[in-house]
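Commentary on secondary and tertiary structure
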Amino acid sequence: MMKSQQFSLTDRLKSFRHACNGLRLLLKEEHNARIHLFIAISVLVAGYIFNLSTSEWMILVLAIGGVITTEIMNTVLENISDFISPEKHATIKKIKDLAAAGVLISSITAMVVGMLIFLPKFIELC
Ligand SMILES: Nc1ncnc2c1ncn2[C@@H]1O[C@H](COP(=O)(O)OP(=O)(O)OP(=O)(O)O)[C@@H](O)[C@H]1O
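How each quantity is defined
Residues numbered from 1 in each chain as written. Predicted model: local features only at pLDDT ≥ 70, side-chain atom pairs only at ≥ 80, totals over all residues. Near = placed C-beta within 6 Å. Helix = DSSP H or I, 4+ residues; strand = E, 2+ residues; numbered from the N terminus. Axes fitted to C-alpha atoms, helices over the stretch in contact; angles between N-to-C directions. Parallel < 35°, antiparallel > 145°, perpendicular 65-115°, else oblique. Contact = placed C-beta atoms within 7 Å. Nonpolar A, V, L, I, M, F, W, Y, C, P; charged D, E, K, R; others polar. pLDDT = per-residue confidence, 0-100.

1. A look at the site of the ligand
Residues in close proximity to the ligand include Glu-30, Asn-32, Glu-78, Ser-85, Lys-88, His-89, Ile-92, Lys-93, Lys-96, Asp-97 and Ala-100, which together make up its full environment. Element by element, the count of residues in the shell around the ligand is highest for helix H4 (residues 90–125), at five residues.

Right, dumping it as structure tokens:
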């Protein structure tokens, strides 16, 4: 839809509300997203307990943001796919599998980042 070129704070707030609604839908409809959120919160608590450095926090937050973002993109593609082709189709399978691969890669990346940050600290505790 064509929009007016003028900056409008109300429109920006509306966009923000829509994005928040997207997050609400994600947590309501996607069980994997709930699991990822639970893991993210646990890791953030662990980061607080282990008193991470600023650079460790930066990498960790980027890794968590990456997982949540790919999870959202995966959900977007699943919804578009189901809308345009509710019946089985080889191309839809390819699209959904590729989107799921994106989540897998970002999750593995975050896991490796988490291990690199926390494993030495755990070993130090032992
Ligand atoms: N319309 C379709 N045509 C062909 N294959 C499909 C179709 N829908 C789903 N699939 C296959 O089933 C898999 C699971 O798809 P589905 O839409 O159920 O995702 P999901 O199980 O809800 O994924 P997640 O739980 O990870 O969000 C896809 O990755 C794809 O391989």
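2. Examining the packing of helix H2 (residues 31–49) against helix H3 (residues 54–84)
It is at 10 Å that the axes of H2 and H3 come closest, and there the two elements cross at 175 degrees. The angle between H2 and H3 places the two elements in the roughly antiparallel class. Counted together, Asn-32, Ala-33, His-36, Ala-40, Val-43 and Gly-47 of H2 and Trp-57, Leu-60, Ile-64, Val-67, Ile-68 and Glu-71 of H3 form the full contact between these two elements. Residues of the contact of H2 with H3, tallied by class, amount to eight nonpolar, three polar and one charged.

3. Digging into the confidence of the model for the protein
Predicted confidence across the protein gives a mean pLDDT of 94, with 97% of residues reaching 70 or more. Across the predicted assembly, pTM comes out at 0.87 and ipTM at 0.86.

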